[in-house]
Amino acid sequence: MITEQNHKVHLSAQDFERLSDLRAERPARNIPKPVVTPGAALADWVAETVGSWRFIIVQSVLLGVWITLNVMAFIKHWDPYHFILLNLVLSFQAAYAAPIIMMSQNRQSEIDRRHAQNDTE
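Residues numbered from 1 in each chain as written. Predicted model: local features only at pLDDT ≥ 70, side-chain atom pairs only at ≥ 80, totals over all residues. Heavy atoms only, no water.

So, the packing of aromatic side chains
Both the distance between ring centres and the angle between the ring planes are used here to describe each pair of aromatic rings.
At step 1: This model, assessed by the stated rule, comprises one aromatic pair.
At step 2: A centroid spacing of 5.0 Å and a plane angle of 55° characterise the contact between Phe92 and Tyr96, whose relative ring orientation is tilted. Residue Phe92 and its partner Tyr96 are located together in helix H4 (residues 84-120), separated by four residues, close to a single helical turn. Here Phe92 and Tyr96 have matching classes, each one exposed. (Phe/Tyr/Trp six-rings, centres within 6.5 Å; stacked < 30°, edge-to-face > 60°. Helix = DSSP H or I, 4+ residues; strand = E, 2+ residues; numbered from the N terminus. Buried < 20%, exposed > 50% of the residue type's maximum accessible area, 1.4 Å probe, protein only.)

Thoughts on the side chain of Asn70
At step 1: Counting through the fold element by element, Asn70 comes out in helix H3 (residues 53-72).
At step 2: The buried category is assigned to Asn70, whose relative accessible area is 3%.

Observations concerning a nonpolar patch on the surface
At step 1: A surface patch of nonpolar side chains, amounting to about 520 Å² of accessible area, comprises Trp53, Ile56, Ile57, Val61 and Val65.
At step 2: Relative to the helices and strands, Val61 resides in helix H3. (Patch = residues over 30% accessible without salt bridge, like charges linked within 9 Å, V, L, I, M, F, W, Y side chains within 5 Å. Areas by Shrake-Rupley, 256 points an atom, 1.4 Å probe, with all protein chains shown as cover. Salt bridge = Lys/Arg side-chain N within 4 Å of Asp/Glu carboxyl O.)

Quick word on helix H2 (residues 38-50)
At step 1: Between the first and last C-alpha of H2 there are 18 Å, a value that for 13 residues agrees with the 18 Å anticipated at 1.5 Å per step.
At step 2: Within H2, burial applies to Ala40, Ala43 and Val46. The arc that holds the buried residues of H2, viewed along the axis, is 125°, so those residues lie on one side. Exposed residues on H2 whose side chains face more than 90 degrees from its buried face are Pro38, Trp45 and Glu48. (Expected span 1.5 Å × (residues − 1). Arc of directions from axis to C-beta.)

Considerations on the side chain of Ser104
At step 1: Topologically, Ser104 is positioned in helix H4.
At step 2: One polar contact links Ser104 to Asp44, side chain to side chain, over a distance of 2.8 Å. (Polar contact = N/O pair within 3.5 Å; in protein donor to acceptor, adjacent residues only side chain to side chain.)

Overview of the environment of Gly39
At step 1: Mapped onto the secondary structure, Gly39 falls in helix H2.
At step 2: The exposure class assigned to Gly39 is partly exposed, which follows from its relative accessible area of 41%.
At step 3: Note: C-alpha distance between Gly39 and Met103 (64 residues apart in sequence) is 9.3 Å.

Overview of the confidence of the model for the protein chain
At step 1: On average, residues of the protein chain score 82 in pLDDT, and 83% of them are at 70 or above.
At step 2: The element-level mean pLDDT for the protein chain is lowest in helix H1 (residues 13-24), coming to 80, with H3 highest at 91. (pLDDT = per-residue confidence, 0-100.)

Things to note about the pattern of salt bridges
At step 1: Tallying each qualifying case throughout the model produces three salt bridges.
At step 2: Between Arg107 and Asp44 there is a salt bridge, and its shortest N-O distance comes to 2.0 Å. Taken together, the positions of Arg107 in helix H4 and Asp44 in helix H2 put the pair 63 residues apart, joining distant regions of the chain.
At step 3: Note on Asp44: relative accessible area 21%, which makes it partly exposed.

Structure follows, in structure tokens:
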């Protein structure tokens, strides 16, 4: 018959000290959530939006409409020099999207690094 006494564990002084040290450290499952700044939240939202099929489809439709209307001259070729304005718009979009997406990736990389560090401790 198993009694409560059989389940008691007697720790040596060294084991008890190590157990106290481990309890003083924060376990990996109790990691405080990092504070997300408005800029970080915006970067995450932009990365999530730009990296979606919805964005790709909407952008493709808009580019198709732009090209079609400009080629057919419904609005007097607002981009007459072989789509220089379209190139400018897309370059402007890429110039802002790339660093914002990189900020989001760097933040996610830092989160992953912290998780890995806590897994090995």
